[in-house]
Each structure stands twice: as structure tokens, then as C-alpha cells.
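Inside the fold
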Amino acid sequence: MAKAKLTFDTEKCKGCELCVTFCPKKILVLDSETNSKGYYPVKVTNIDECIACGTCAIMCPDSIITVEKE
Amino acid sequence: MAVVYKKSIALTDTPLSFCPGCTHGIIHKLVAENLVELGVYDRAVGVAPVGCAALSDHFFSCDMYVAAHGRAPAVATGQKRVHPDNFVFTYQGDGDLASIGTAEVVHAAHRGEKISTVFVNNAIYGMTGGQMAPTTLVGQKASTAPYGRSEEHCGKPIRIAEMIATIEGAKFVERVSVDTPANVRKAKKAIRRAFECQIQGKGYALVEVLSTCPTNWGFTPAGAMKWLQENMIPYYPLGNFKDFE
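Residues numbered from 1 in each chain as written. Chains lettered and ligands numbered in written order. Predicted model: local features only at pLDDT ≥ 70, side-chain atom pairs only at ≥ 80, totals over all residues. Heavy atoms only, no water.

**Some remarks on the pattern of salt bridges**
All names here are of chain B. Inclusion rule: One side-chain nitrogen of Lys or Arg within 4 Å of one carboxyl oxygen of Asp or Glu is enough to make a salt bridge. Helix numbers and strand numbers start at the N terminus; a helix is a DSSP run of H or I with at least 4 residues, a strand a run of E with at least 2.
A complete count under the given rule lists 16 salt bridges over all chains for this structure. One salt bridge connects Lys188 with Glu37, and the closest N-O pair in it is separated by 2.9 Å. Within this pair, whereas Lys188 is found in helix 7 (residues 181-199), its partner Glu37 is found in helix 1 (residues 24-37), the two being separated by 151 residues in sequence. Taken together, the salt bridges that share partners define one network made up of Glu33, Glu37, Lys188, Arg192, Arg193, Glu196 and Asp243.

**Brief notes about the packing of aromatic side chains**
All names here are of chain B. The criterion, for reference: Here is the rule: rings of Phe, Tyr and Trp (six-membered ring for Trp) pair when centre to centre is within 6.5 Å. Planes less than 30 degrees apart are stacked, more than 60 are edge-to-face, and the remainder are tilted. Here the term buried applies to any residue with accessible area under 20% of the maximum for its type, exposed to any over 50%, and partly exposed to those in between, with areas from a 1.4 Å probe on protein chains only. Lysine NZ or arginine CZ positioned within 6 Å of the ring centre and within 35 degrees of the ring normal marks a charge as sitting over the ring.
On inspection of all chains with the given rule, the structure shows 9 aromatic pairs over all chains. Between Phe89 and Phe195, the aromatic rings sit 6.1 Å apart at their centres with planes inclined by 40 degrees, giving tilted as the arrangement. Residue Phe89 is found in strand 4 (residues 87-93), and its partner Phe195 is found in helix 7; the two are separated by 106 residues along the sequence. Of the two residues, Phe89 and Phe195, both sit in the buried class. A connected cluster of aromatic rings, assembled from ring pairs, spans Phe60, Phe87, Phe89, Tyr91 and Phe195. Lying over the aromatic face of Tyr235, Arg159 brings its terminal NZ or CZ to 3.8 Å of the ring centre. The ring of Phe244 is capped by Arg193, whose NZ or CZ atom sits 3.9 Å from the centre of that ring.

**Description of the interface of chain B and chain A**
What counts is decided by this rule: When checking whether two residues touch, look at their non-hydrogen atoms; a contact exists if any pair is within 4.5 Å. Buried area is understood as the total, over both parts, of accessible area removed when two parts are fitted together, assessed with a 1.4 Å probe.
Contact residues are listed per partner, giving 29 residues for chain B and 28 residues for chain A. For the pair chain B and chain A, the summed buried surface comes to about 2300 Å²; carbon and sulfur atoms form 67% of the total. Of all residues in chain B, the largest losses of buried area upon contact with chain A belong to Met1, Val4 and Tyr5 of chain B, amounting jointly to 27% of the total for that side. Summed over the shared surface of chain B and chain A, the result is 0 salt bridges.

**Structural notes on the side chain of Thr136 of chain B**
Residues and elements named next belong to chain B. Operational definition: Two N or O atoms form a polar contact when they lie within 3.5 Å of each other; inside protein one atom must be a possible hydrogen donor and the other a possible acceptor, and for residues adjacent in sequence the pair counts only when both atoms belong to side chains.
Among the structural elements, Thr136 can be located in the loop between strand 5 (116-121) and helix 5 (151-154). A polar contact of 2.8 Å, which involves the side chain of Thr136, links it to the backbone oxygen of Ala123. Side-chain polar atoms of Thr136 contact the backbone nitrogen of Ala133, separated by 2.8 Å. In contact with Thr136, other than residues within four places in its own chain, are Ala123, Ile124, Arg149 and Pro157.

**Examining the packing of helix 1 of chain B against helix 7 of chain B**
All names here are of chain B. For the record, the criterion: The axes are straight lines fitted to the C-alpha atoms, using for helices just the contacting stretch, and the angles between their N-to-C directions are given from 0 to 180°. To sort the angles, those under 35 degrees are grouped as roughly parallel, those over 145 as roughly antiparallel, those from 65 to 115 as roughly perpendicular, and the leftovers as oblique. Should the near helix be turned anticlockwise from the far one by less than a right angle, the crossing is left-handed, and should it be turned clockwise, the crossing is right-handed. When residue character is reported, Ala, Val, Leu, Ile, Met, Phe, Trp, Tyr, Cys and Pro are called nonpolar, Asp, Glu, Lys and Arg charged, and the others, Gly included, polar.
Where helix 1 contacts helix 7, the two axes come as close as 9 Å, and the packing angle between them is 45 degrees. The angle between helix 1 and helix 7 places the two elements in the oblique class. For the crossing formed where helix 1 meets helix 7, the hand is right-handed. The segment helix 1 lies against helix 7, with Ile26, Leu30, Val31, Glu33, Asn34, Leu35 and Glu37 engaging Val184, Ala187, Lys188, Ile191, Arg192 and Phe195. Each residue belonging to the contact of helix 1 with helix 7 can be placed in one class, and the counts come to 8 nonpolar, 1 polar and 4 charged.

**Structural notes on the environment of Tyr204 of chain B**
Residues and elements named next belong to chain B. Within the fold, Tyr204 resides in strand 7 (residues 204-210). For the pair Tyr204 and Thr136, spaced 68 residues apart in sequence, the C-alpha separation works out to 26 Å. Within polar-contact distance, the side chain of Tyr204 engages the side chain of Thr117 at 2.6 Å.

**With respect to the nonpolar core**
Applicable threshold: Nonpolar cores were defined as sets of buried Ala, Val, Leu, Ile, Met, Phe, Trp, Tyr and Cys residues, with membership established by side-chain atoms within 4.5 Å.
Counting 60 residues, the largest nonpolar core has Ile65 of chain A together with Phe89 of chain B as the members making the most contacts within it. With near-sequence residues (within four places) excluded, Phe89 of chain B lies in contact with Val31, Leu35, Val45, Gly46, Val47, Phe60, Cys62, Met64, Ser116 and Phe195 of chain B. Val88, Ile160, Ala161 and Ile167 of chain B belong to the second-largest nonpolar core, a separate cluster that totals 21 residues.

**What about unusual backbone geometry?**
Look at Ala52 of chain A: it is not a glycine, yet its phi comes out positive at around 55 degrees. If you trace the backbone, Ala52 of chain A turns up in the loop between strand 3 (42-44) and helix 2 (55-59). By relative accessible area, Ala52 of chain A is classed as buried at 7%. At Ala123 of chain B, a position not held by glycine, the phi torsion is positive, near 60 degrees. Within the secondary structure layout, Ala123 of chain B lies in the loop between strand 5 and helix 5.

**Quick word on the sheet that holds strand 6 (residues 170-177) of chain B**
Consider a sheet: its strands pair through backbone hydrogen bonds, and that pairing is either parallel or antiparallel. All names here are of chain B. Spelled out, the test is: Pairing between strands is defined by DSSP: at least two bridges between them are needed.
If you trace the 7 strands from one edge of the open sheet to the other, you get 3-2-4-5-7-6-8, paired in mixed fashion. Strand pairing shows two members of the sheet lacking a second neighbour, strand 3 (63-66) and strand 8 (239-242), which therefore form its edges. Adjacent strand axes in the sheet meet at a mean angle of 15 degrees when their direction is disregarded. Bridge analysis of strand 4 against strand 5 gives 5 bridges, and the strand direction is parallel. Note that in strand 5 the partner of Gly93 across the bridge is Val120. Most of the contacts of helix 1 go to strand 4, to which it runs at about 175 degrees, and overall it touches strand 2 (44-48), strand 4, strand 5 and strand 7.

Everything listed here is a matter of geometry and, on its own, says nothing about what the molecule does.
Quick look at the structure:
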């Protein structure tokens with residue numbers, strides 16, 4: 001059971017990969033489907049490994065990530 | 001579940017107009033979060049510059065002006081003097097503050113205006129197409145310096161934080177960067193301290209934030225962070241230049 005929850009506002013994601021670069025657990029990747037603007041938005045591969053550190057959200061220039069934990 | 005991080009209420013839902021990976025967005029968040037955390041959000045008035053951040057009145061949900069090019073400190077001065085109970089900040093890039101607006105910022109600091117300036121230095125003119133700025137590094141290529149900036153022709157880049165720190169009316173001056181999560185946290189603290197300088201009525205405060213321009217530098221967002229670390233930080237050293245009691 002995942003202890004953390006990540007919510008992405010994928011329509012506003014520009015696929016810059018700063019969250020992917022700085023995620024300490026390397027569990028973020030870009031999706032293979034684009035959003036309506038043509039960007040490949042971020043998605044999480046294995047939420048069970050997420051430690052809810054918030055680094056992805058802090059580094060996201062477009063503030064599209066909400067991080068929650070139990 | 002407990003919220004670890006969510007978007008600040010001081011930012012609107014409008015999608016940012018900045019390029020993918022531009023660190024303007026990170027700096028916007030730090031300003032917004034500090035406005036809320038310091039309890040000045042409901043009386044905050046921001047002044048946007050000309051340049052990439054000229055549209056930041058769409059992104060901050062507090063009251064905002066958009067000043068004429070470089071004149072943000074002058075507009076902020078008027079607002080603060082007429083409404084001293086307002087919290088007044090300017091948000092300016094290097095093409096705005098370090099070139100056409102140098103006189104305004106120097107004299108606002110000299111007069112000790114009780115305003116706060118967030119100065120975003122990305123060593124280039126972003127919005128207009130990557131022209132050379134006063135802050136462009138020697139050897140750095142720009143659309144108006146295709147062989148790189150020549151020291152003989154253009155001189156060395158201007159160090160704003162060091163210059164403002166020599167002015168007595170400036171009470172808090174610090175240079176920070178947003179190239180790593182740790183530095184982003186330090187940048188947030190510096191902006192908080194600059195805002196406290198105004199709240200406590202001490203005088204002028206400026207935070208210079210080293211920022212990236214992946215589009216005009218010609219790097220990926222992550223590559224631009226690396227370029228900033230290897231090239232900008234050695235010339236623009238991070239640290240505090242002036243603090244108040």
C-alpha cells in the first residue's frame with residue numbers, strides 16, 4: 001500500500017523533466033501520450049517507492065505537482 | 001492524507017507563459033509562498049518588469065502593476081509612499097534591472113525605499129530572442145554576440161548584488177541560485193529575509209536569483225542547470241552581502 005500520493009495537473013505540464021532529473025528515487029518518467037498542448041507530461045512509475053519528499057514539486061516551475069503522505 | 005506540497009494560493013490558475021524548464025516558475029513559487037507564509041498576501045502589491053516576467057501580473061494573484069521598462073522600483077516607490085501599509089515588491093529580470101533600469105534600482109536603494117526586489121539573473125535577454133545582456137558572461141554566445149561576449153568590446157558582466165550592497169540605504173542583499181533543490185530552499189529563505197526587511201521597516205532589500213534560460217542558452221532544462229553551476233556561480237558567487245540586525 002502506497003504511503004504517498006502524487007497528483008499531476010498534466011494539462012499544464014510542459015515535460016521539462018526537472019522533476020524527473022531531481023527525483024531521488026528516480027520513479028518519475030514522461031508519458032508516451034501527449035497532453036492537448038503537445039507536451040509529454042510526467043507520470044509516476046512506482047508510487048510505492050515514493051517517500052513524499054516533495055522535491056519534484058519544489059523543482060516544478062509550473063506548480064503542477066501536489067504531494068501528500070499518510 | 002497530509003499535504004506535503006501544493007500550489008500556493010498567491011499564484012493563479014493561469015498556465016505560466018514561460019518556456020518549459022524555465023526557472024522563472026520556481027522563483028514565482030518562492031515569492032508566492034513567502035507572501036502567504038509572512039501574512040502579507042492580502043496587502044501585497046507587486047510590480048512586474050518588461051521582459052519574460054512582464055506577464056507575471058497574470059500569475060500572481062495579489063495586486064500587480066506592470067511598469068515601464070526598468071522603472072519597477074520607481075512605481076514601487078510611489079505605491080509604498082502613498083500606501084505605507086502595503087507590502088510592495090518588484091520582480092525584475094537582468095535585461096530590465098541591470099540595463100535600462102539601473103538608475104532606478106540604484107536610487108531606490110540609495111533613498112532606502114522600504115520595498116523588496118527579486119532580481120532574476122539569467123545572463124541573457126529572454127523574451128526578445130537571446131540578445132546579450134549586461135550580465136552575459138565573457139565568451140557566452142548570444143544572438144547579438146555570435147562569437148561570444150568580448151571583454152575588450154563590451155567589458156565584463158555587471159555584478160548587481162555587490163554593487164547594491166555598497167549603498168547605505170540597502171539593508172539586505174543576497175545572491176542565491178535555484179539550480180538544485182537545496183539551493184531552492186536557501187533561495188526561499190533569502191527572499192523571506194528580504195521581505196522581513198521591509199515588514200520591519202529597515203529599508204531596501206534585494207535578492208539576486210541566478211536563473212536559467214534553456215531556450216536561449218540552447219540546453220535542455222537539466223543541462224541549463226549544469227551550465228549555471230559551472231559557469232555562472234564562479235563569476236556570480238552565492239552568499240549574503242548585507243544583513244540587518
